[in-house]
Amino acid sequence: MSLTSHAFPLLTSHGNVSLLTSHPSRYLCVYIPTCSRPHPAGAAQTKGEVSIVTRRYEVVYIFNSALEEPAVSEKLTRFHALLGPDVQVTVSHWGKRTLTYRMKRHDTGYFAVAQFEAPPAVLPEFERAVKLDEGVLRFLVVHAQAVTPAPAPAEPAVAAAAEEEEE
Amino acid sequence: MRARSKTCPVCEAGVRVVDYKDDRTLGRFLTDRGKILPSRLSGMCARHQRQVSTAIKRARQLMLLPYIKGYGQ
């Protein structure tokens, strides 16, 4: 999204604020980051209305193992809808795994990993929704430095065996 | 006396970013009680020791690794 390709005349001085005369009757003041040098605090890009900074995030969810895959997928789509309309989310389901320690009387959990690129501003609302959901035992959001492939679910047979023992 | 060659196992494996979800690999850097091995024993370089310890702490939160191995058994 660039305003410089705009057909209207652009009066840019040295500053970042330029005056756009889109209408003869109206003046528009738009913030345009003209300086290519990054702001010392890194805020120049995020403050601008022109460019929206996105970051790559990775979320690991641990759901209650009583939930099945359709129920988990339904919850995930509900959570990811909060991130915005044009956010591409890659989800990989690990399935049920045994937990290494008991947590709130749960021995197993349903693991799912999601990766997406989103602006940082949408995260608080998203995290709040996940936190309030009773089906989520625990979750972790990290800023992904590199794209790491999700490892295949380790020992799914163990989790299945533990399930049978419980029943 | 021959000096023992100590090279970082993570550098040798050619790993750029340590994955906190890979509990089997991270489990190699734990003591039998689940503590993080010091770099003097693990032989890791400072950068990877830092990355691995952060990854182990994340994996513990996600219940992929234990805080204390054998607790309550």
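Residues numbered from 1 in each chain as written. Chains lettered and ligands numbered in written order. Predicted model: local features only at pLDDT ≥ 70, side-chain atom pairs only at ≥ 80, totals over all residues.

A. Inspection of the interface of chain B and chain A at higher detail. The partner chain A presents 16 residues to the 15 residues of chain B that form the contact. Contributions of two or more residues to the side of chain B that touches chain A are made by α2 (23–26) and α4 (46–61) of chain B. Across the side of chain B that touches chain A, the residue classes tally to 7 nonpolar, 1 polar and 7 charged. (Contact = placed C-beta atoms within 7 Å. Helix = DSSP H or I, 4+ residues; strand = E, 2+ residues; numbered from the N terminus. Nonpolar A, V, L, I, M, F, W, Y, C, P; charged D, E, K, R; others polar.)

B. Region of the structure containing unusual backbone geometry. All names here are of chain A. Backbone geometry places lysine 104, a non-glycine residue, at a positive phi of 50°. By the element assignment, lysine 104 lies in the loop between β5 (89–103) and β6 (106–118). Residue classification places lysine 104 among the exposed positions, given that 7 C-beta atoms sit within 10 Å. Located in the positive-phi region is arginine 105, a residue other than glycine, with phi close to 65°. Here arginine 105 lies in the loop between β5 and β6. By the C-beta count within 10 Å, which is 5 here, arginine 105 ends up exposed. (Buried ≥ 20, exposed ≤ 12 C-beta atoms within 10 Å, placed from the backbone.)

C. Structural context of the confidence of the model for chain B. Residue and element names in this part refer to chain B. Predicted confidence across chain B gives a mean pLDDT of 85, with 92% of residues reaching 70 or more. Averaged pLDDT values over the elements of chain B bottom out at 83 in helix α1 (residues 9–13) and peak at 91 in α4. The complex prediction reports pTM at 0.67, with the ipTM value standing at 0.77. (pLDDT = per-residue confidence, 0-100.)

D. The environment of valine 87 of chain A, seen in detail. Residues and elements named next belong to chain A. Tracing the chain through its elements places valine 87 in the loop between α2 (69–81) and β5. As a C-alpha pair, valine 87 and glutamate 117 span 30 residues in sequence and 6.6 Å in three-dimensional space. With near-sequence residues (within four places) excluded, valine 87 lies in contact with Phe116, Glu117 and Ala118.

E. Region of the structure containing the sheet that holds β5 of chain A. All names here are of chain A. The 4 strands lie next to each other as β5-β6-β4-β7, forming an open sheet whose pairing is antiparallel. Every other strand in the sheet has two partners, leaving β5 and β7 (136–143) as the edge strands with one partner each. On average, each strand axis in the sheet is inclined to that of its neighbour by 20°, with strand direction left out of account. Across 10 bridges, the pairing between strand β4 (residues 55–64) and β6 is antiparallel. Looking at β6, one finds that tyrosine 57 is bridged to phenylalanine 116. Packed on one face of the sheet, α2 meets β4, β5 and β6 and runs near 35° to β6. (Pairing = 2+ DSSP bridges. Axes fitted to C-alpha atoms, helices over the stretch in contact; angles between N-to-C directions.)

F. Broad picture of the nonpolar core. The biggest cluster of nonpolar side chains holds 32 residues, and the ones touching the most others in it are Ala112 of chain A together with Val52 and Ala59 of chain B. For this core, the secondary-structure elements that each account for two or more residues are β4, β5 and β6 of chain A together with α4 of chain B. Not counting chain neighbours up to four residues away, the residues in contact with alanine 59 of chain B comprise Tyr20, Asp23, Leu26, Leu64 and Leu65 of chain B. (Core = buried A, V, L, I, M, F, W, Y, C linked by C-beta atoms within 7 Å.)

G. Structural view of α4 of chain B. For α4 of chain B, spanning 16 residues, the distance from its first C-alpha to its last is 23 Å, which sits close to the expected 22 Å at 1.5 Å a residue. Of all the residues in α4 of chain B, the buried ones are His48, Gln49, Gln51, Val52, Ala55, Ile56, Ala59 and Arg60 of chain B. (Expected span 1.5 Å × (residues − 1).)

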